[in-house]
Structures are given as C-alpha cells and as structure tokens.
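Below are the chains, spelled out letter by letter.
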Amino acid sequence: MNKLNQAPLFDKVAMGYVLGSIMHQPSLLYAEDKYILNMDDFVGKLNEIIFGAIYNLSYNGAEKITPIDVDVYLSAYESQHTIFVNENGIDFLSSAYEITDNFDMAHFNMQYERLKKFSTLRELKSKGFDISEFYNPDFINQEQEEQRFNRMSINDILGSIRNKIQLIENRNVTKQESSGQYAAKGIR
C-alpha cells in the first residue's frame, strides 16, 4: 500500500482556522453563495462535534461563539461531551479561537479553500479516482508539492478529472448520426 492511501487528507491548521473564524463570525455559515461548509469538511469525531455545536449555536442566533459556549452546549449531549473532553477539545478550540481573534478575510478564504480542496480529494478518492497527481505526500520535494497544491483550485482539480472522462468518452462512445433537418423542409 503506498503512502497516499495512508496519508491523512486533511489539514488540521486549516480546520482550526476555519472553526475559529466561524466562532468569531457565525454569519459565514450562511453566506452560501460564497462558502459551503458541512460536516464532511471536518475530519475526525472531535472536529465534527465541534462544527456541529458551532453550527447549532449559530442557527439558534449566536452572533459570536466562545470555546466555553461550545463546551456548555455539548454538556447537554453526554457522548459528544465525553469525546470533547477526552480529546482536549477545549484546548484545541481555545487555541483556534485565540489565533483567529482578529481574523483576516483573505487568510480565512485561503484556509477555507485549502479545507475544501482536501474535502474534494477525500470525496474523489472515496469514489475511486486516483488523486496522486493533485496531492502526493510521497513526492521527493514536499515543499514544492505543497506550493503546487496551494496554487491549484478546486475547479482545476475537477476540470482535470472532467477532461480525463471526456477523453475516455470521445474514444469509446460512438457519435450518433445527425437526425436534424432543415427548418424549411416540408413547409409546404
């Protein structure tokens, strides 16, 4: 099994930055024309639980959410709160909250994009697509590989996949005979 199959396809820093930012500005969750966040974007039970709590607090009208708010909210759900406590969720969340205290939208956009790229790669991989051309932790010069990955957009990744499918379709699907006719034919 190669390293790509074992490599975690997520960035903990990006997840933390996005979580911290939406705690400071929960309205980001509702800017669906610009940002689409869901549970699948957050890897690991702890991150899923934290995102769910932030989402629910926001949905209930919170305009700013602190790590303590998340802790108090989760205390009503025993199994989730146990995971939150056992995995030091309060420390992770406090750190994410502190780092994003005066978050910058440009930096948020960069971290959001990175988070979504990894979500896209995880989904492609789960559907059986080879993603090694987009993200390859085996690459000898990892710094160059990271820079290349950071320059790629989600549309670049999906466009490449679409192009490959189109090439396969062009080679294997016969073109149907044209069945159209001139508009004036048979008018009389």
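Since the model is a prediction, treat every value here as computed from it, not as a measurement.

Caption draft 1: Region of interest: the overall build of the chain. For the chain, the helix and strand inventory stands at nine helices and zero strands. Taken from N to C terminus, the helices and strands of the chain fall in the order α-α-α-α-α-α-α-α-α. The buried share of the chain, reckoned over its 188 residues, is 39%. Of the contacts formed within the chain by residues at least 6 apart in sequence, a portion of 72% connects residues at least 24 apart.

Caption draft 2: Highlighting the nonpolar core. Counting residues in hydrophobic clusters, the biggest one holds 31 residues, and the most contacted among them are I22, L37, I54, V70 and F108. Only helix 2 (12-24), helix 3 (45-59), helix 4 (67-74), helix 6 (89-99) and helix 7 (105-126) provide two or more residues apiece to this core. What L37 contacts, discounting residues up to four positions off in sequence, is V18, I22, L29, F42, F51, Y112 and L115. Residues L9, L124, F149 and I161 belong to the second largest nonpolar core, which totals eleven residues.

Caption draft 3: Molecular detail of the pattern of salt bridges. The final tally for this structure, using the stated rule, is six salt bridges. Here K116 ties to D41 by a salt bridge, and the two come within 3.0 Å at their closest N and O atoms. Within this pair, whereas K116 is found in helix 7, its partner D41 is found in the loop between helix 2 and helix 3, the two being separated by 75 residues in sequence. Grouping residues by exposure puts K116 and D41 together as buried. E48 is the partner of K45 in a salt bridge, and the nearest nitrogen-oxygen pair spans 3.8 Å. Linking K45 with E48, this pair stays in helix 3, spanning three residues, or about one helical turn. Three or more residues joined by partner-sharing salt bridges are found here, namely D11, R114 and E146.

Caption draft 4: Seen up close, the packing of aromatic side chains. What the rule picks out here adds up to eleven aromatic pairs. Considering the side-chain rings of Y30 and Y55, the 6.3 Å spacing of their centres and the 45 degrees angle between planes classify their relative orientation as tilted. Residue Y30 is found in the loop between helix 2 and helix 3, and its partner Y55 is found in helix 3; the two are separated by 25 residues along the sequence. Here Y55 falls in the partly exposed class, since its relative accessible area comes to 32%. Consider the rings of Y35 and F108, whose centres lie 5.1 Å apart with planes at 80 degrees: the pair is edge-to-face. Of this pair, Y35 sits in the loop between helix 2 and helix 3 while F108 sits in helix 7, and the two are 73 residues apart along the sequence. Comparing Y35 with F108 shows no difference in burial state: the two are buried. When the ring centre of F149 is taken as reference, the NZ or CZ atom of K117 above it lies at 4.7 Å.

Cut-off values and rules
- Within any chain, residue numbers begin from 1 and follow the written order of that chain's sequence.
- Local features in this predicted model are restricted to residues whose pLDDT is 70 or higher, and side-chain atom pairs enter the listing and the counts only when it is 80 or higher, whereas totals over whole chains, interfaces and linings include all residues.
- Values reported for side chains reflect all heavy atoms of the structure, with hydrogen atoms and water molecules removed beforehand.
- A helix here means a DSSP run of H or I that spans at least four residues, while a strand means a run of E at least two residues long, and both kinds are numbered starting from the N terminus.
- Under the scheme applied here, a residue whose accessible area is under 20% of the maximum for its type counts as buried, over 50% as exposed, and between as partly exposed, the area being computed with a 1.4 Å probe on protein chains only.
- Only heavy atoms enter the contact rule, under which two residues are in contact if any of them lie within 4.5 Å.
- In this text, buried Ala, Val, Leu, Ile, Met, Phe, Trp, Tyr and Cys residues form a nonpolar core when linked through side-chain atoms within 4.5 Å.
- One side-chain nitrogen of Lys or Arg within 4 Å of one carboxyl oxygen of Asp or Glu is enough to make a salt bridge.
- Pairing of aromatic side chains requires ring centres within 6.5 Å, counting the rings of Phe and Tyr and the six-membered ring of Trp. Pairs whose planes differ by under 30 degrees are stacked, by over 60 edge-to-face, and all others tilted.
- By the criterion adopted, a ring carries a charge over it if an Arg CZ or a Lys NZ lies within 6 Å of its centre and within 35 degrees of its normal.

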